[in-house]
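# Fold and geometry: a report
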Amino acid sequence: MTHPTRTRRCTVDDCEGYCIPPSRFCPAHRLRFLRHGDTSGRTIRLRELKPFNDLAERLLCTYASRPDTAAAVQWCERLLTARLDERTTRELARLRRGGVTGADVLCAGLAQWAYAERFPASLPDDVRLTYALGRAVVRLRRQPSVFTRGSLTKRYSRYVPGAVFRELGMILREALCLFFTRLLRLHERDREADADLRRAIREGAPDDPRNILHPTREAR
Ligand SMILES: [Zn+2]
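Remember, predicted model here, so these are calculated numbers, not experimental data.

Turning our eyes to something else, we now look at the overall build of the protein chain. Summing up its helical and strand segments, the protein chain has seven helices and two strands in all. Starting at the N terminus and ending at the C terminus, the protein chain contains elements arranged as α-α-α-α-α-α-β-β-α. At a minimum sequence separation of 6, the contacts of the protein chain that also span at least 24 residues come to 63%.

A separate point is helix 2 (residues 46–62). Side chains of residues three or four places apart in an α-helix project in the same direction, reflecting 3.6 residues per turn. With 17 residues, helix 2 ought to run about 24 Å at 1.5 Å a step, and its terminal C-alpha atoms sit 23 Å apart, in line with that. When we look at burial in helix 2, the residues that qualify are Leu-49, Phe-52, Ala-56 and Leu-59. Its buried side turned inward, helix 2 meets helix 5 (102–118) and helix 7 (162–203).

Another aspect to go through is the nonpolar core. Ranked by size, the top nonpolar core spans 33 residues in total, and within it Ala-56, Leu-110, Ala-111, Ala-114, Tyr-115 and Ala-132 carry the most contacts. Among the elements that take part in this core, helix 5 stands out by supplying ten residues, more than any other. Ala-111 has contacts with Leu-49, Phe-52, Asn-53, Ala-56 and Ala-136, leaving out every residue within four places of it along the chain.

Turning our attention to unusual backbone geometry. A cis amide bond links Pro-21 to the next residue, Pro-22, at an omega of 5°. Secondary-structure assignment places Pro-22 in the segment before helix 1 (27–36). At Asp-14, a residue that is not glycine, the phi angle is positive and equals roughly 65°. With respect to the helices, strands and loops of the structure, Asp-14 is situated in the segment before helix 1. Look at Asp-14 and you get exposed, because 5 C-beta atoms sit within 10 Å.

Right, let's talk about the packing of helix 4 (residues 86–97) against helix 7 for a bit. Interhelical geometry of helix 4 versus helix 7 gives an angle of 80° and a closest axis separation of 9 Å. In this view, helix 4 runs roughly perpendicular relative to helix 7, as classed from their interaxial angle. Here Arg-87, Thr-88 and Glu-91 of helix 4 lie close against helix 7, whose contacting residues are Ala-163, Val-164, Glu-167 and Leu-168. Here the residues of the contact of helix 4 with helix 7 sort into three nonpolar, one polar and three charged.

Glancing now at helix 4. Given a rise of 1.5 Å per residue, twelve residues ought to cover 16 Å, and the 17 Å separating the end C-alpha atoms of helix 4 matches this to within 8%. Those residues of helix 4 that sit buried are Thr-88, Glu-91, Leu-92 and Leu-95. Around the axis of helix 4, the buried residues are gathered within 100° of arc, so they sit on the same side. The outward face of helix 4, more than 90 degrees from its buried face, is lined by the exposed residues Glu-86, Ala-93 and Arg-97. Structurally, helix 4 contributes buried residues whose contacts are with helix 6 (127–138) and helix 7. Within two residues after helix 4, Gly-99 carries a phi angle of roughly 85°, on the positive side.

A few words now on the environment of Cys-19. With respect to the helices and strands, Cys-19 occurs in the segment before helix 1. Separated by eleven residues in the primary sequence, Cys-19 and Arg-8 have C-alpha atoms spaced 5.9 Å apart.

Bringing the packing of helix 5 against helix 7 into the picture now. Running from N to C, helix 5 and helix 7 point in directions that differ by 65°, and their axes come no closer than 10 Å. Judged by the angle between their axes, helix 5 and helix 7 are roughly perpendicular. Note on packing geometry: the crossing formed by helix 5 with helix 7 is right-handed. The residues of helix 7 that touch helix 5, namely those facing Gly-109, Leu-110, Trp-113, Ala-114 and Glu-117, are Leu-172, Leu-176, Phe-180, Leu-183 and Leu-184. Per-class residue counts for the contact of helix 5 with helix 7 are eight nonpolar, one polar and one charged.

Right, let's talk about the environment of Arg-78 for a bit. Position of Arg-78 among the secondary structure elements: in helix 3 (residues 67–79). Judged by C-beta crowding, with 9 C-beta atoms within 10 Å, Arg-78 ranks as exposed.

Thresholds applied
- Residues numbered from 1 in each chain as written.
- Predicted model: local features only at pLDDT ≥ 70, side-chain atom pairs only at ≥ 80, totals over all residues.
- Helix = DSSP H or I, 4+ residues; strand = E, 2+ residues; numbered from the N terminus.
- Contact = placed C-beta atoms within 7 Å.
- Expected span 1.5 Å × (residues − 1).
- Buried ≥ 20, exposed ≤ 12 C-beta atoms within 10 Å, placed from the backbone.
- Core = buried A, V, L, I, M, F, W, Y, C linked by C-beta atoms within 7 Å.
- Axes fitted to C-alpha atoms, helices over the stretch in contact; angles between N-to-C directions.
- Parallel < 35°, antiparallel > 145°, perpendicular 65-115°, else oblique.
- Nonpolar A, V, L, I, M, F, W, Y, C, P; charged D, E, K, R; others polar.
- Arc of directions from axis to C-beta.
- Left-handed = near helix turned anticlockwise from the far one by under 90°.

And the structure:
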């Protein structure tokens with residue numbers, strides 16, 4: 001006899017799992033949907049984000065004197081004290097207690113944004129990026145809880161509901177997406193200008209007969 005709940009397949013393509021009503025998804029896909037807003041979402045590992053965190057730090061330092069950067073830092077500072085959904089407000093309070101600043105929040109968001117721009121297949125610019133932005137902020141401080149049973153003591157990260165990622169992510173995205181994009185374009189422009197200068201230094205004047213070190217050998 002078929003199990004009464006095992007009658008409908010998960011609605012995700014090629015998934016062999018059964019859904020548990022009223023969900024349209026099998027437990028695995030349901031969990032991804034709740035944590036990432038999409039059944040194909042995943043958490044970008046800290047290792048993968050490392051170069052983008054470094055980049056974000058560098059950019060915010062380079063462009064620190066711009067008024068939009070200063071305003072963004074200040075806005076993030078305020079976000080940390082904002083009154084939002086109860087669970088989100090609790091997470092923000094925890095981050096404040098952990099010493100997280102507006103600049104940290106901005107940096108975490110920019111790193112996530114830069115990653116998504118560089119690897120859109122891994123983190124598409126849709127609801128998954130929204131959740132990822134919120135998660136990046138929540139992850140600024142680990143939240144170890146201690147679990148004790150008898151002689152066993154275990155530290156584990158307390159569960160943060162997906163709704164917190166979504167709420168924070170939506171707020172960050174709305175306020176900062178243009179700023180993030182602008183900063184990354186500025187960075188590209190500056191890099192190109194730098195490359196032009198280096199080329200000019202290296203090559204000298206190509207049709208100058210006195211230019212004995214003609215750069216053809218070095219041409220990229
Ligand atoms: Zn499934």
